[in-house]
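# Remarks on the overall topology
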Amino acid sequence: MAYAEKRGNLWRARWKAPDGTWPSKPGFRTRKAAEDYGRDQEAAIRNNTYVDPCAGQLTLTEWVNEWYPALDLEPSTLVNYRYHIEGHILPAFGHRSLVSLTPGEVATWERQTVQAGYAKRTARGARDTLSTILNDATPGHIQINPAARKRGKGRKGLRRIARRESAEKVWATPLQALLIAERCAALSRQATDFVMIITVAYTGARWSEIVGLLPECVHDNHVDVAWKLYELGGRFYKGHPKDGSIRSADIPPFLAQLLSDHTANGGSLTCTCRNTEQPWCHGERYVFLGPARGHFRRSGYSRGFFRPAADGWYLPRGGKHSRPATPVLVADCASFPGRPVPPWPAAAPGEEFAPPARRGLTRLVSDQDTGRCPECHRAWPRRVDGTMVKHVSSSPGSLCPGTGEEPAEDVTVASWLPVLRGLTPHGLRHGHQTWMDEDGIPDVLKAERMGHEMPGMHGVYGHVSPAMRADLAAALQERWEHSLRERARLSRCSAVPVLDRLLAGQEAIPTKIGSHLAPKIGQRRVRAPHQ
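Note that the structure is predicted; figures quoted are calculated from it, not measured.

## Side note on the overall build of the chain
Along the chain, the regular secondary structure elements total 16 helices and 16 strands. With 531 residues in all, the chain has 42% of them scored as buried. In the chain, the proportion of contacts linking residues at least 24 apart, taken out of those at least 6 apart, comes to 56%. With an accessible surface of roughly 29,500 Å², the chain has 52% of that area assigned to carbon and sulfur atoms.

This is how it looks when you write it as structure tokens:
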């Protein structure tokens, strides 16, 4: 039983700890205050919330060295934790005891991290990692978590701005998704990109789930989202989707046909990974692979293909080979959306524009010394009379008949207009959710399709029926057909062969006002009765 001891003019509380020892805490002005504190500690022991006064003296570095090796998480998560721990947390608090940390100094540290030049997202991630570390130290070592964010705290304006920006997340309509998929394929000159972007847009799958899609998971009316590819340190490893959200995603007939044709005619589907240790990919079959049968990298693909297709501009590039933002230029505009050519610098108002002429860059203009060959359309030296010098053709072992032929006209170069500035591959997932909202798809099916859990009793008693799945497939098919008709108004042909074949079957449509598919909220499609 707790009791108090007189120590000079003050009192000391003592109580029996779980290990049989008698810890103490001095400094109480009255006997009653000391006894009350001791009884509180014994009550905490009975409630399993007791904190040994000596346990909090453990330094943060010592606790991290106990905590981190015991984690059983994805390698990518462990790497992220380690970055925050070694780069931000331990340099600031590693020498401090757990009990000495306060909420105020943790908040100050987060602000100072931003002031030091790091992104707000990095500072927030570092604090979240610290909160996770200290949360596992509660209540065994400390009574409260000083890094936890208190709800309702912070600048109200910033919270409102964050909510507004989240609500205004860029998402694509079906026509915009189609145009961006076409541009991605034009940039890469691979049909795989077109099918992949359309699959993302019409399934709502995450990027890692799409690049991890296996051929055996593609069926006639649905795809099984059972795996994802994690990217870490330049290598990939296969794992289950985020939060274990394994699911089946119903697909409309057009997408089933696209995927079937792609897997049948897309060449080898085995990646070139040759890792021998676990868990890294050692070479398996995937639906979507790059030109060299490597895996698509999220950041590289977004920067090199997706964002230029959506924005109409290549993003600026830093480092050794820095480059400012440049417009996407295309030639041969008769074949919509044009044939992309290597980027040129943007023209500056009031300055005479000089086309680039460095080695390795496709020449699209003539000068006093060179002319464009009428056969291969490249710039080559010409004689004084203007005729082309015979040269090696792009075909192995052949020569272009340049001798005696006049140089061809210079190619007219155009730049792409933006389709939807700021759109990212994840924005297609936002768009898919919005399409389902517009079409009145039940919440239980939307949650399943997006890989989320339905909260509340509706999530317990609600179930997805075949009728719901049929309505969703019909709605997506209708959206696709509408977007294909809208695309045919721009041009009846495409530089992307797979889309060119689809457009060939479209009938001519007179121009009319309004190109967006009208929402069908509250409407239920009438299906023919079963025979």
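## Some remarks on the packing of aromatic side chains
Summed over the entire model, instances satisfying the criterion amount to 14 aromatic pairs. The interplanar angle of 45° and the centroid separation of 5.3 Å between the aromatic rings of Phe-28 and Tyr-37 together place this pair among those described as tilted. A relative accessible area of 14% places Phe-28 in the buried class. Residue classification places Tyr-37 among the partly exposed residues on the basis of a relative accessible area of 24%. Taken together, Tyr-202, Phe-254, Trp-435 and Trp-480 form an aromatic cluster joined through their ring pairs. Between Lys-238 and the ring centre of Trp-227, over which it is positioned, the NZ or CZ distance is 4.5 Å.

## Digging into the sheet that holds strand β1 (residues 3-7)
In space, the 3 strands of this open sheet follow the order β1-β2-β3, with antiparallel pairing throughout. The open sheet has two edge strands with one neighbour each: β1 and β3 (24-28). Strand after strand, the sheet turns through a mean of 30° between neighbouring axes, direction not considered. By the bridge criterion, 5 bridges tie β1 to strand β2 (residues 10-14) in an arrangement that is antiparallel. Residue Lys-6 lies in a different strand from β2, and its bridge partner there is Trp-11.

## Details of the nonpolar core
Within soluble globular proteins, side chains that are nonpolar tend to cluster in buried spots. Membership of the largest hydrophobic core comes to 73 residues, with the highest contact counts inside it found for Phe-194, Ile-198, Tyr-202, Leu-259, Phe-288 and Leu-428. In terms of residue count, helix α7 (residues 174-188) provides more of this core than any other element does, 9 residues in total. Beyond its immediate chain neighbours, meaning those up to four positions away, Leu-428 contacts Ala-172, Ala-177, Ile-197, Val-200, Ala-201, Phe-306 and Leu-423. With 20 residues, the next largest nonpolar core counts Trp-67, Phe-93, Leu-130 and Ile-133 among its residues.

## Focus on the sheet that holds strand β10 (residues 329-331)
The antiparallel open sheet is built from 3 strands, whose spatial order is β11-β10-β16. Across the chains shown, the open sheet's two edge strands, defined by having one partner strand only, are β11 (339-340) and β16 (414-415). Inspection of the sheet shows β10 paired to β11 by 2 bridges, in the antiparallel sense. Directly across from Ala-331, in β11, lies its bridge partner Arg-339.

## A short note on the packing of helix α3 (residues 75-93) against helix α5 (residues 120-135)
For the pair α3 and α5, the least separation of the axes is 9 Å and the interaxial angle reads 85°. Our classification of the angle between α3 and α5 gives roughly perpendicular. Residues Tyr-81, Tyr-83, His-84, Ile-85, His-88, Ile-89 and Phe-93 of α3 form the contact with α5, whose participating residues are Thr-122, Gly-125, Ala-126, Thr-129, Leu-130, Thr-132 and Ile-133.

## Quick notes on the pattern of salt bridges
By the definition in use, this model includes 26 salt bridges. In this structure, Arg-127 engages Glu-110 in a salt bridge whose closest nitrogen and oxygen atoms are separated by 3.0 Å. In this pair, Arg-127 is assigned in helix α5 and Glu-110 in helix α4 (residues 103-115), connecting sequence segments 17 residues apart. With a relative accessible area of 9%, Arg-127 lands in the buried category. We note a salt bridge from Arg-307 to Asp-311, for which the minimum N-O separation is 2.8 Å. Of this pair, Arg-307 and Asp-311 both sit in helix α11 (residues 298-311), 4 residues apart, roughly one helical turn. Here Arg-307 matches Asp-311 in class, with each residue buried. Through salt bridges with shared partners, a single network forms among Arg-31, Lys-32, Glu-35, Asp-36 and Arg-39.

## Brief notes about the pairing of strand β4 (residues 222-225)
One face of the sheet, then the other: side chains in a regular strand alternate in exactly this way. Of the two faces of β4, the one holding Val-223 and Val-225 is buried and the one holding His-222 and Asp-224 is not buried anywhere. Alignment of β4 against strand β7 (residues 247-250), held across 4 bridges, turns out to be antiparallel. Residue Asp-224 lies in a different strand from β7, and its bridge partner there is Ser-248.

## Looking at unusual backbone geometry
A cis geometry characterises the amide bond from Gln-278 onward to Pro-279, with omega recorded as 0°. Tracing the backbone through its elements, the reader meets Pro-279 in the loop between α10 (253-265) and α11. Cis geometry marks the peptide bond from Phe-336 to Pro-337; its omega dihedral reads 0°. For Pro-337, the location among the structural elements is in the loop between β10 and β11. A positive phi angle, close to 60°, is found at Arg-189, a residue other than glycine. On the secondary structure map, Arg-189 appears in the loop between α7 and α8 (191-203). Residue Arg-189 is classed as exposed on the basis of its relative accessible area, which comes to 58%.

## With respect to the environment of Lys-446
Note on placement: Lys-446 falls in helix α13 (residues 443-450). Lys-446 sits 14 residues away from His-432 along the chain, and the two C-alpha atoms are 9.6 Å apart. Not counting the four nearest positions on each side in its chain, Lys-446 is found in contact with Gln-433, Met-436, Asp-437 and Ile-441. A polar contact of 2.5 Å, which involves the side chain of Lys-446, links it to the side chain of Asp-437.

## Some words on a nonpolar patch on the surface
Taken together, the side chains of Met-457, Val-460 and Tyr-461 present a nonpolar region at the surface, about 370 Å² in accessible area. On the secondary structure map, Val-460 appears in helix α14 (residues 456-461). By relative accessible area, which is 51% here, Val-460 ends up exposed.

## Let's talk about the pairing of β2
In terms of burial, β2 is largely enclosed, as 4 of its 5 residues are buried. Where β1 folds back on β2, the antiparallel hairpin that results is connected by 2 residues, among which Gly-8 adopts a positive phi of roughly 70°.

Calculation rules
Within every chain, residues take consecutive numbers counted from 1 along the sequence as written. Note on the predicted model: pLDDT of at least 70 is required for a residue's local features to be given, and 80 or more for side-chain atom pairs to be given and counted; whole-chain, interface and lining totals, by contrast, use all residues. Side-chain numbers here rest on the full set of heavy atoms in the structure, without hydrogens or water. Helical segments are the DSSP runs of H or I of at least four residues, strand segments are the runs of E of at least two, and each set is numbered from the N terminus. In this scheme, a residue with accessible area under 20% of its type's maximum is buried, one over 50% is exposed, and one in between is partly exposed, where area comes from a 1.4 Å probe on protein chains only. Contact definition: two residues touch when any of their heavy atoms are within 4.5 Å. Each accessible area is a Shrake-Rupley result for a 1.4 Å probe, and residues are judged covered by the shown protein chains and nothing else. Two rings belonging to Phe, Tyr or Trp (six-membered ring only in the last case) form a pair when the distance between their centres is within 6.5 Å. Interplanar angles under 30 degrees mark stacking, angles over 60 mark edge-to-face geometry, and anything in between is tilted. The rule for a charge over a ring is simple: NZ of Lys or CZ of Arg within 6 Å of the ring centre, and within 35 degrees of the ring normal. Here the rule is simple: two strands pair whenever DSSP picks up at least two bridges between them. Only the contacting stretch of a helix is used when fitting its axis, a line to C-alpha atoms as for every element, and angles between N-to-C directions run 0 to 180 degrees. In plain words, nonpolar cores are sets of buried Ala, Val, Leu, Ile, Met, Phe, Trp, Tyr and Cys residues tied together by side-chain atoms within 4.5 Å. Working rule for angles: under 35 degrees goes down as roughly parallel, over 145 as roughly antiparallel, 65 to 115 as roughly perpendicular, anything else as oblique. For this analysis, a salt bridge means a side-chain nitrogen from Lys or Arg found within 4 Å of a carboxyl oxygen belonging to Asp or Glu. Two N or O atoms form a polar contact when they lie within 3.5 Å of each other; inside protein one atom must be a possible hydrogen donor and the other a possible acceptor, and for residues adjacent in sequence the pair counts only when both atoms belong to side chains. Each patch is built from salt-bridge-free residues with over 30% relative accessible area, joining like charges within 9 Å and nonpolar side chains (Val, Leu, Ile, Met, Phe, Trp, Tyr) within 5 Å.

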